[in-house]
Amino acid sequence: MGEKAKIVIIGGGIAGCSTLYHLAKMGCTDALLLERDELTSGSTWHAAGNVPTYSTSWSIMQVQKYSAALYRELAKDKDFPINYHVTGSVRLAHSEERMAEFRHVKSMARANNMEYDMLTPAQLVDKYPLIKTHDLLGALWDPLDGDIDPSQVTQALARAARALGARVRRNERVVGLRQNKNFGWTVTSKTAEGETEIDCQIVINAAGYRAGEVMALIGRHLPIMTMAHQYLITEEIDELAARTEPLPLLRDPDTSYYLRQERNGYILGPYEWQATPMWLDGIPDQFANMLWPEELERLEKQILDAGERVPVLGDAGIAKVVNGPIPYAPDGNPYLGPERSLRNFFHCNTFSFGIAQGGGAGKAIAEWVLNGRPEFDLWSIDRRRYKSYATTQYTVDKAVEVYQNEYAMGFPFEERPAGRPAYVSPLYEKLKKKGASYGARGGWERPTYFDPNNEVTDHSLSFFRRNGWRKVVAKEVHAARNGVAILDLPGFTKIEVKGAGAFAFLDKLLCTKIPKVGRISLVYALLPDGKVLSEFTVVRVAQDEFYLVGAASSEWHDLDVLEVALPNDGSVTLKNVTADYGSLIVVGPRSRDVLAQVTTSALDNESFPWLSMRMIDTKFGPVRALRVNYVGELGWELHASNEQMVALYDAIWKAGEKHAIADMGIYAVDSLRLDKCYRGWKGDLEIGFSPFDASLDRFVDLTKASFVGKDALVAEKAAGPRYRFVPMILDQDGDADAPFCSSVFSGDKRVGIVTSGGWSFTLDKSIALAYVRPEFEASGTKLEIEIFGERKPATVGQEPLFDPRNERLRA
Ligand SMILES: Cc1cc2nc3c(=O)[nH]c(=O)nc-3n(C[C@H](O)[C@H](O)[C@H](O)COP(=O)(O)OP(=O)(O)OC[C@H]3O[C@@H](n4cnc5c(N)ncnc54)[C@H](O)[C@@H]3O)c2cc1C
């Protein structure tokens, strides 16, 4: 009889050990960690051990905050001391833009109960007497930052897990994985003595830079690559030896390095421009506990710069250089959560900042595995955010770009070029020639704006309302509101659901009433605890046939949501038709006049009302037309085959010329949707909030016999809402719109959080969409939004802010 365990974790670095610890802590002690060499022998042993809580991402900040708190607890164990120095850190700002970014992160940190502060140059010198500040505007102080011995903390996690009853085996390598009929796994491991088979229910891939090798065991691809990353350690410096207090960690993001006191010397760790991908032909089998030879010349710029910033460093000799492997995903974030369409297989790998994130990630993955969801939304690190376009070459190109920009400012509307285009519409080349700029969403290239007359001369990025494209986007918005505009929007997730059991399946899965034949509804799938999991536009094509449309990035996520819930009696089939159809959006008061010249099908309100679907005839064959749109105007989404797209676009354009039809991009759509308070999936809607929190009550049908999450929503209804989703308008325009995760205040009380902010070119106002405590939801309520450190008065509005009775949509 083979060996058994409930859960097998592959890999004993910080991620695997933290996962094991958290599983055991949550009561699942029947967990076995297999490590091919010694614990920490991958990337963990040689990490510099910095543990920042800072992140411009809300969810990553929470992961890191948890790690730091956990490590502080572990370090209290006097029997097994861990070198953990909570020194605080200073991040230097050379520009107003950087100061703005820091002020926003400070506000996010404070919303997470972390007391970051902004420092003037003089205050910076108080914290860091050895620094030169002549060219600095200020700095950000994070009191919780510090450094930990990465091996000690990993061993502490493994020891604590073992003490709870979990198992760790070293020098045992996973060489085979086989899924069984009951969706459990048989793991084949290999030691010097031979091979063992272990039957388990769940596998967690925590194999660090070898996570791709593990996926290859089951014939799957993981978008991961390895980068060579270095830091140097200096010899002892007298001025540091003379100090009684350790210096805080110093990061100069604009020059791209960190500088940390290490005993009486320094560690200097740059993210250099010349990023160095390694192992493009595979990882050498024997590589463990190893480093590469130093390549100091790559770091010259940062070494010189740091020496000028902190002159005592300039004279110090270099004692040692560490050049080790660090795994990268295309966006530099790790992979957590389930593998697409594979039951009981989870990821906790590809960490570029695994010491800072390992503690929190271990907790999150343990929750995901045992409770079906992590505590907070982690879409930004969910494995399924990358679909098959993320090839090895794409991953390398993007990872190099992200490494080079590791400390760069996270400007909104930045469309980085590497690895693109991945997926394009048949109209891509044509629209480029017409002046389209492009941005990639879920791998799909989408026009961001059109500049046919080369009016946009300033392409610089900013947190402030300064983008050079504003005037051309304003024209696109004007066309959509007053005439007619057309947008090529490829990549929507499109799934056909058919069969005798299709209605019952969707009715059970969705909290919303299922539409009648020919009709369309916006519908929501919830988690059992009533929080929002997926959003679809559902079209009932026939009695037993549905067409579901979701966000471009949601394809793998939503397929999982549907597939897992599918009845196993064969009464329902799913077909992913995402790549088979494009969508042309034709909107505006003149859109009917234009479309009427392209089809003989009736478009009048009686024949084709708002929220309905018809097959319309065109010269190029029948086209599925949906009378819905994301901008709040009379208009249609035309879901046409790839073969039809170019001819259909040309015909619409020709018909639209006498109505001054305009091409439109997604920046215009984003402004238009704010007027109507249309939510965005994973921006405004995520697993932290229920549909009642999101003020989506009209999409919840509690009269249905049952649906996933119903009990939780019934209880929530009885208890009253925790939040309400409201639009807010800034009382004075100011020079910036509210960034994602701005805090909302009533007096000194933090009462909400902004999930979307932007400029309405229709209302000429700055709009924010926010979750606020229910007592503040009434229209006219005066609140304040903290925008880049300044509290700006704002007034709660009534949803929608434009065309309150949807008369334009029904026109
Ligand atoms: C120079 C340098 C400095 C760094 N500094 C920092 C820092 O200051 N802060 C920070 O947060 N991060 C830092 N990092 C990144 C950090 O080291 C990694 O993110 C982190 O160690 C990843 O941990 P892990 O557990 O995911 O992977 P690993 O530590 O690589 O662990 C994976 C384990 O899986 C095992 N394994 C692989 N395949 C198998 C198999 N088939 N069977 C069984 N076992 C297997 C491996 O042997 C390995 O032990 C640094 C990295 C480098 C290179």
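Here, every reference points to the structure presented above.
Residues numbered from 1 in each chain as written. Predicted model: local features only at pLDDT ≥ 70, side-chain atom pairs only at ≥ 80, totals over all residues. Heavy atoms only, no water.

Caption draft 1: Region of interest: the nonpolar core. If you look at the biggest cluster of nonpolar residues, it comprises 47 residues, and the most contacted ones within it are Ile7, Tyr71, Ile204 and Leu336. With 35 residues, the next largest nonpolar core counts Met114, Tyr116, Cys677 and Phe725 among its residues. (Core = buried A, V, L, I, M, F, W, Y, C linked by side-chain atoms within 4.5 Å. Buried < 20%, exposed > 50% of the residue type's maximum accessible area, 1.4 Å probe, protein only.)

Caption draft 2: Quick look at the site of the ligand. Residues in contact with the ligand amount to 37 residues; listed here are only the nearest, Glu35, Thr44, Asn50, Phe351 and Gly354. Residue Phe353 places a main-chain N or O atom 3.3 Å away from an oxygen atom belonging to the ligand. The protein chains hide 98% of the 1,000 Å² of surface that the ligand would expose on its own. Looking at the shell around the ligand, the elements with two or more residues in it are helix 1 (14–25), strand 10 (173–179), strand 14 (225–234), strand 19 (318–328) and helix 10 (354–371). Looking at the shell around the ligand residue by residue, the class counts come to 16 nonpolar, 15 polar and six charged. (Near = heavy atom within 4 Å. Polar contact = N/O pair within 3.5 Å; in protein donor to acceptor, adjacent residues only side chain to side chain. Areas by Shrake-Rupley, 256 points an atom, 1.4 Å probe, with all protein chains shown as cover. Helix = DSSP H or I, 4+ residues; strand = E, 2+ residues; numbered from the N terminus. Nonpolar A, V, L, I, M, F, W, Y, C, P; charged D, E, K, R; others polar.)

Caption draft 3: Structural context of the layout of surface pockets. There is about 940 Å³ of room inside the second largest pocket. At the level of secondary structure, the elements contributing two or more residues to the lining of the second largest pocket comprise strand 21 (345–349), helix 10 and helix 15 (555–565). Broken down by element, the residue count for the lining of the second largest pocket peaks at six residues, all from helix 15. (1 Å grid on protein atoms, 1.4 Å probe; cavity = no way out; pocket = protein on both sides within 12 Å on 5 of 7 lines; lining within 4 Å. Points joined across faces, edges and corners; volume = space filled by probe spheres on them.)

Caption draft 4: The arrangement of the side chain of Arg373 in detail. Among the secondary structure elements, Arg373 is positioned in the loop between helix 10 and helix 11 (392–404). Of note is the side chain of Arg373, whose polar atom sits 2.8 Å from the backbone oxygen of Glu375. At 3.0 Å, the side chain of Arg373 forms a polar contact with the backbone oxygen of Ile687. Once residues within four sequence positions are removed from consideration, Arg373 is found in contact with Glu367, Trp368, Leu527, Asp529, Lys531 and Ile687. (Contact = heavy atoms within 4.5 Å.)

Caption draft 5: Quick peek at the sheet that holds strand 21. The strand order 9-3-2-13-21-20 describes an open sheet built from six strands, whose pairing is mixed. A strand with exactly one partner marks an edge of an open sheet, and here the two such strands are strand 9 (167–169) and strand 20 (335–338). Between one strand and the next, the sheet's axes are offset by a mean angle of 20°, whatever the strand orientation. Of the strand pairs in this sheet, strand 20 and strand 21 are connected by four bridges, and their pairing is antiparallel. Bridge pairing links Pro338 to Phe346 in strand 21. Running over the sheet, helix 10 touches strand 2 (7–10), strand 13 (202–205), strand 20 and strand 21 and is turned about 10° from strand 20. (Pairing = 2+ DSSP bridges. Axes fitted to C-alpha atoms, helices over the stretch in contact; angles between N-to-C directions.)

Caption draft 6: Layout of a negative patch on the surface. A cluster of acidic residues, Glu236, Asp238, Glu239 and Asp315, forms a negative patch at the surface. Among the secondary structure elements, Asp238 is positioned in helix 7 (residues 238–241). Judged by its relative accessible area of 62%, Asp238 falls in the exposed class. (Patch = residues over 30% accessible without salt bridge, like charges linked within 9 Å, V, L, I, M, F, W, Y side chains within 5 Å. Salt bridge = Lys/Arg side-chain N within 4 Å of Asp/Glu carboxyl O. Lys, Arg positive; Asp, Glu negative; His and termini not counted. Charge placed at Lys NZ, Arg CZ, Asp CG, Glu CD.)

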